[in-house]
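Letter by letter, the chains look like this.
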Amino acid sequence: KLIYTLPFCTIQQAASAGTGEPLQGHINPMLQLANLLYSKGFNITILHTNFNAPKISNFPHFTFISILDNERFSNLSILDFAQSFIFKQDGGDDLRDQLELLLASGKDEPVSCLITDALWHFTQSVADSLNLPRLVVRTTSLYTTIVYASIPLLDDRGYFKLDDTHLEEQVGEFPLLKVKDILKMGIKSKKDPYAELIGDMVKQTKASSGIIWNSFKELEETELERVPHDFPAPRFLIPFPKYFTASSSSLLDQDRTFFPWLDQQPPKSVVYVSFGSISQVEEKELLEIAHGLVYSKQAFLWVVRPGFVNGSTWLESLPNGFPGERGRVVKWAPQQEVLAHEAIGAFWTHSGWNSTLESVCEGVAMICSPLLGDQPLNARYMSDVSRVGVCLENGFQREEISSVIRRVMVDEEGKEIRERMRVLKQKLDVSLMKGGSSNESMESLIHFISSFQV
Ligand code: UDX
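Small disclaimer: the values here were computed from a predicted structure and weren't measured.

## Re the overall build of the protein chain
Okay, step 1: When helices and strands are tallied, the protein chain shows 18 helices and 15 strands.
Okay, step 2: Scored against the burial criterion, the 454 residues of the protein chain give a buried share of 48%.
Okay, step 3: Considering only intrachain contacts with a sequence separation of at least 6, the fraction spanning at least 24 residues in the protein chain is 70%.

## Quick word on the site of the ligand
Okay, step 1: What surrounds the ligand is a group of 26 residues, the closest being Gly25, Gly276, Gln335, Gly352 and Ser355.
Okay, step 2: Contributions of two or more residues to the shell around the ligand are made by helix H2 (24–39), helix H13 (335–339) and helix H14 (353–362).

## A few points about the confidence of the model for the protein chain
Okay, step 1: Scored by pLDDT, the protein chain comes out at a mean of 89, with 88% of its residues at no less than 70.
Okay, step 2: pLDDT under 50 marks residues 7–19. Its contacts with residues more than four places away, or in other chains, come to 55 contacts.
Okay, step 3: Here the prediction assigns the complex a pTM of 0.94, and the interface score ipTM is 0.99.

## A look at the sheet that holds strand S11 (residues 299–303)
Okay, step 1: Across the sheet, 6 strands lie side by side as S12-S11-S10-S13-S14-S15; this open sheet has parallel pairing. Each edge of the sheet is formed by a strand with only one pairing partner; in this case those strands are strand S12 (327–330) and strand S15 (389–391). The sheet shows a mean angle of 15° between the axes of neighbouring strands, taken without regard to direction.

## Topic: helix H17 (residues 412–431)
Okay, step 1: Along its 20 residues, H17 runs 29 Å from first to last C-alpha, staying within 8% of the 28 Å computed at 1.5 Å per residue.
Okay, step 2: All of the buried residues in H17 are Gly414, Ile417, Met421, Leu428 and Ser431. What you see down the axis of H17 is that its buried residues fit within an arc of 90°, all on one side. Opposite the packed face of H17, turned more than 90 degrees from it, sit the exposed residues Glu412, Lys415, Glu416, Glu419, Arg422 and Gln426.
Okay, step 3: Among the structural elements, H14, S15, helix H16 (398–409) and helix H18 (437–450) are those in contact with the buried residues of H17.

## Here we look at the nonpolar core
Okay, step 1: Core analysis: the largest hydrophobic core is formed by 112 residues, its most contacted members being Ile212, Val271, Tyr272, Ala346, Met366, Ile367 and Val408.
Okay, step 2: When residues in this core are grouped by element, the largest group, 6 residues, is from H2.
Okay, step 3: Residues in contact with Tyr272, not counting those within four places in the same chain, are Leu301, Val338, Leu339, Ile344 and Phe347.

## Focus on the pairing of strand S5 (residues 134–138)
Okay, step 1: Of all 5 residues in S5, 5 are buried, a share of seventy percent or more.
Okay, step 2: When strand S4 (residues 111–117) meets S5, the two strands line up parallel, connected through 4 bridges. Counted as the bridge partner of Ile115 is Leu135 from S5.
Okay, step 3: Taken together, S4, helix H5 (residues 123–129) and S5 form a β-α-β motif whose crossover is right-handed.
Okay, step 4: One ladder, built from 4 bridges, connects S5 with strand S8 (residues 210–213); its direction is parallel. Each residue of the ladder has a partner; that of Leu135, found in S8, is Gly210.

## Examining the packing of helix H6 (residues 142–149) against helix H15 (residues 375–385)
Okay, step 1: At their nearest, the axes of H6 and H15 sit 9 Å apart, and the two run at 130° to each other. In terms of orientation, H6 and H15 fall into the oblique class. At the point where H6 passes H15, the crossing takes the right-handed sense. Judged by residue contacts, Tyr143, Thr144 and Val147 of H6 engage Leu377, Asn378 and Tyr381 from H15.

## Overview of unusual backbone geometry
Okay, step 1: Across the junction of Phe322 and Pro323, the peptide omega takes the value 10°, indicating a cis bond.
Okay, step 2: One can find Pro323 in the loop between S11 and S12.
Okay, step 3: Not every positive phi belongs to a glycine, and Arg387 is a case in point at roughly 55°.
Okay, step 4: Within the secondary structure layout, Arg387 lies in the loop between H15 and S15.
Okay, step 5: For Arg387, a count of 14 C-beta atoms within 10 Å corresponds to the partly exposed category.

## Describing helix H9 (residues 193–206)
Along an α-helix, residues three or four positions apart point the same way, because every turn accommodates 3.6 residues.
Okay, step 1: Under the 1.5 Å per step criterion, the end-to-end length of H9 is 20 Å for 14 residues, consistent within 8% with the ideal 20 Å.
Okay, step 2: Taken residue by residue, H9 has Tyr194, Ala195, Ile198, Met201, Val202, Gln204 and Thr205 as its buried positions.

Calculation criteria
Residues numbered from 1 in each chain as written. Predicted model: local features only at pLDDT ≥ 70, side-chain atom pairs only at ≥ 80, totals over all residues. Helix = DSSP H or I, 4+ residues; strand = E, 2+ residues; numbered from the N terminus. Buried ≥ 20, exposed ≤ 12 C-beta atoms within 10 Å, placed from the backbone. Contact = placed C-beta atoms within 7 Å. Near = placed C-beta within 6 Å. pLDDT = per-residue confidence, 0-100. Pairing = 2+ DSSP bridges. Axes fitted to C-alpha atoms, helices over the stretch in contact; angles between N-to-C directions. Expected span 1.5 Å × (residues − 1). Arc of directions from axis to C-beta. Core = buried A, V, L, I, M, F, W, Y, C linked by C-beta atoms within 7 Å. Right-handed = clockwise from strand over helix to strand, strands pointing away. Parallel < 35°, antiparallel > 145°, perpendicular 65-115°, else oblique. Left-handed = near helix turned anticlockwise from the far one by under 90°.

Printed below as a string of structure tokens:
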């Protein structure tokens with residue numbers, strides 16, 4: 001059987017920050033799932049865009065076909081992207097042409113289905129026109145999926161227009177959330193191009209043949225009960241990082257030179273700091289982060305991606321002598337391997353969903369500093385529902401940073417968080433065993449795909 005997956009390595013990543021960054025948070029889960037399905041006996045053909053194309057040599061077992069010469073879109077802002085009918089048009093047409101060729105030539109190995117990132121909403125109409133089932137990969141949590149589906153409602157109730165005096169108030173429709181979480185999502189109205197993009201994504205996810213989340217039942221049990229109401233398609237929850245790490249899909253070179261240093265650090269003594277593949281901070285925020293780390297007197301490993309600091313190449317704005325003996329700064333790291341290292345005591349993260357799930361997979365307590373999009377929702381969930389992290393969410397300020405790091409690394413509170421994380425990780429590990437929820441979800445996905453008439 002053939003399955004066509006389409007990683008989200010498109011103009012979107014450039015669009016997200018205007019920097020041309022690789023949107024690893026979407027590329028990684030698509031390729032992790034592709035690896036997983038391959039290991040279960042499916043053949044995989046990947047249709048991808050030219051811009052930020054995957055490292056094909058890392059996947060000799062897949063067939064790669066490039067479908068869209070999108071270099072010309074690489075300087076678009078997110079808003080331009082969302083408004084860009086050119087992309088939908090060109091992307092949709094190119095995809096349809098390629099799929100038609102593949103369907104015609106696939107007599108010996110018929111095509112089972114198309115699997116795409118939920119944000120590629122226009123692929124639903126392409127799949128429909130070819131009578132091909134389309135499965136959707138939602139690269140974030142069930143909780144975010146539910147909140148995103150309610151953006152029009154939240155707008156109608158006036159949440160996006162509230163001023164700073166309401167930031168700490170609870171959101172009635174989602175009692176877990178505070179108004180500041182909703183505002184941090186980066187939406188001003190349901191008519192924003194970004195909100196419309198999300199609206200299209202929600203609509204076409206509902207229209208899909210099935211939805212796959214990079215998650216697991218025990219993490220989002222309550223949400224799992226709520227989802228059928230909004231998304232009636234069959235649902236599959238599979239924690240991808242437990243099956244394959246994201247290392248082979250990294251578009252940036254991973255530094256490994258710090259491992260001898262990390263190996264020498266005592267167990268649970270190092271804070272790992274990383275804010276994902278697209279977020280950016282200002283120079284003064286970088287300085288606050290650096291000072292906060294030093295003030296905390298804890299050892300740290302900090303990923304500063306080139307492009308992370310708006311207007312700077314890399315670390316030039318930091319004082320001479322930084323990071324000193326207590327810390328290491330690298331441009332990019334094999335994140336999951338780092339999280340699995342026994343020296344790591346906490347993960348200070350932007351709460352991107354992949355980072356969040358990788359932290360749970362490796363049982364590492366989190367300090368959550370969400371910046372945009374789904375991140376504030378993930379952060380709130382981890383700190384208030386799972387209670388395996390604490391929020392550091394009111395900007396970057398050195399005294400607060402050092403005090404939160406010490407709460408998690410040194411104080412009794414940190415021990416309690418780590419214990420809850422240990423229990424959660426144990427539940428996750430059990431879910432992978434025969435009869436466990438993740439294992440069953442994976443088996444039913446395989447069965448579901450195999451059942452498509454070809
Ligand atoms: C984006 C959004 O920001 C995120 O909120 C959304 O859920 C997915 O899309 P990103 O910001 O890149 O993703 O964050 P995240 O989802 O955490 O993904 C980052 C990926 O890059 C992770 O798989 C992580 O392992 C990897 N990474 C990060 C590295 O391989 N090396 C690093 O040094 C840092």
